[in-house]
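As a plain string of letters, each chain reads:
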Amino acid sequence: MSIETIGAVLGLALLDTLSPTVIGITLYLLLTRPHRVGALLGVYLGSVAIAYFALGVLLMLGLGAVASLVDDTVWAWGQAVLGAALIVGSYFIPDKNPERASIRARSFSMRSMLLLGLGTWLFEFATAVPYFGAIGIMTSADLPAVQWSPLLGGYVTIMVIPGILLLVAWAAMGERLRARFERWQNKLSSGSRTVVSWIVWIAGCLILLEAVDTLFTEVTVATPWG
């Protein structure tokens, strides 16, 4: 497994930490302060990570079977087209629909947190663009399961790290962070379109650069991971 593949996948994982839904629900739970907030948040974040890991396993197994039938150059060109399409499409992401209700945890129970995590997995495909890009990169690299499974595990762990860090910060400082967390929540809500647009644009760039590196080996592509 090359350092370029690892760097591209983990770079997309870091980009996925900007998920407005995961951060927004975490802030909401912390500000609402339900009983056993740490356990509730753990169930929510864990269900998101496990759901994305399970989906990734299914996609890797399915795409792996297909990829073996497709020429590497054709696959790389498809990856390049996808990256370019994401870059262009990022400029046309529609404004947030004001009629769409924000996700809120109205019933604070372990079951509701599990369902909320699955809901995040099912409905937030716009911000899952980096995730699907990472799956495509691992598939094109033709990694064996012993290599892509821990890399996928690292990806989904990085995805939920912001929620863990927010919980740790709240546990350490508590109410002193309330005003700041409320500002972050308001900014996240009002700027959700901008966040998603940037996520899609950067993901497109990373996917396109990885494809160019595969297609044009004589050209040196400068990336953050070397």
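In this text the structure is predicted, and so the values were computed from the model without any measurement.

## Overview of helix α1 (residues 3–16)
Then comes step 1: Here α1 contains 14 residues, and its C-alpha end-to-end distance of 20 Å stays within 8% of the 20 Å for a straight helix at 1.5 Å per residue.
Then comes step 2: Taken together, the buried positions of α1 are Thr5, Gly7, Ala8, Val9, Leu12, Ala13, Leu15 and Asp16.

## Thoughts on the nonpolar core
Then comes step 1: Grouped together as the largest cluster of nonpolar side chains are 45 residues, with contacts concentrated most on Tyr44, Tyr131, Met138, Tyr155 and Phe181.
Then comes step 2: Contributions of two or more residues to this core are made by α1, α2 (20–32), α3 (37–67), α5 (110–123), α6 (129–140), α7 (145–173) and α8 (178–190).

## Looking at the side chain of threonine 26
Then comes step 1: Here threonine 26 is to be found in helix α2.
Then comes step 2: A relative accessible area of 0% means that threonine 26 is categorised as buried.
Then comes step 3: Beyond its immediate chain neighbours, meaning those up to four positions away, threonine 26 contacts Leu41, Leu45, Gly163 and Leu166.

## Observations concerning the confidence of the model for the protein chain
Then comes step 1: Per-residue confidence for the protein chain gives a mean pLDDT of 75; residues scoring 70 or more make up 69%.
Then comes step 2: Helix α9 (residues 192–215) is the least confidently modelled element of the protein chain, averaging 67 in pLDDT, while α7 averages 90, the highest of any element.

## Looking at the packing of α1 against α7
Then comes step 1: One way to put it is that α1 packs onto α7 with a least axis distance of 8 Å and a crossing angle of 25°. Taken as axis vectors, α1 and α7 run roughly parallel relative to one another. For the crossing formed where α1 meets α7, the hand is right-handed. Contact with α1, carried on its side by Ile6, Val9, Leu10, Leu12, Ala13, Leu14 and Asp16, involves Leu151, Tyr155, Ile158 and Met159 of α7 and no other residues of that element.
Then comes step 2: Counted by class, the contact of α1 with α7 contains ten nonpolar, no polar and one charged residues.

Calculation rules
- Residues numbered from 1 in each chain as written.
- Predicted model: local features only at pLDDT ≥ 70, side-chain atom pairs only at ≥ 80, totals over all residues.
- Heavy atoms only, no water.
- Helix = DSSP H or I, 4+ residues; strand = E, 2+ residues; numbered from the N terminus.
- Expected span 1.5 Å × (residues − 1).
- Buried < 20%, exposed > 50% of the residue type's maximum accessible area, 1.4 Å probe, protein only.
- Core = buried A, V, L, I, M, F, W, Y, C linked by side-chain atoms within 4.5 Å.
- Contact = heavy atoms within 4.5 Å.
- pLDDT = per-residue confidence, 0-100.
- Axes fitted to C-alpha atoms, helices over the stretch in contact; angles between N-to-C directions.
- Parallel < 35°, antiparallel > 145°, perpendicular 65-115°, else oblique.
- Left-handed = near helix turned anticlockwise from the far one by under 90°.
- Nonpolar A, V, L, I, M, F, W, Y, C, P; charged D, E, K, R; others polar.

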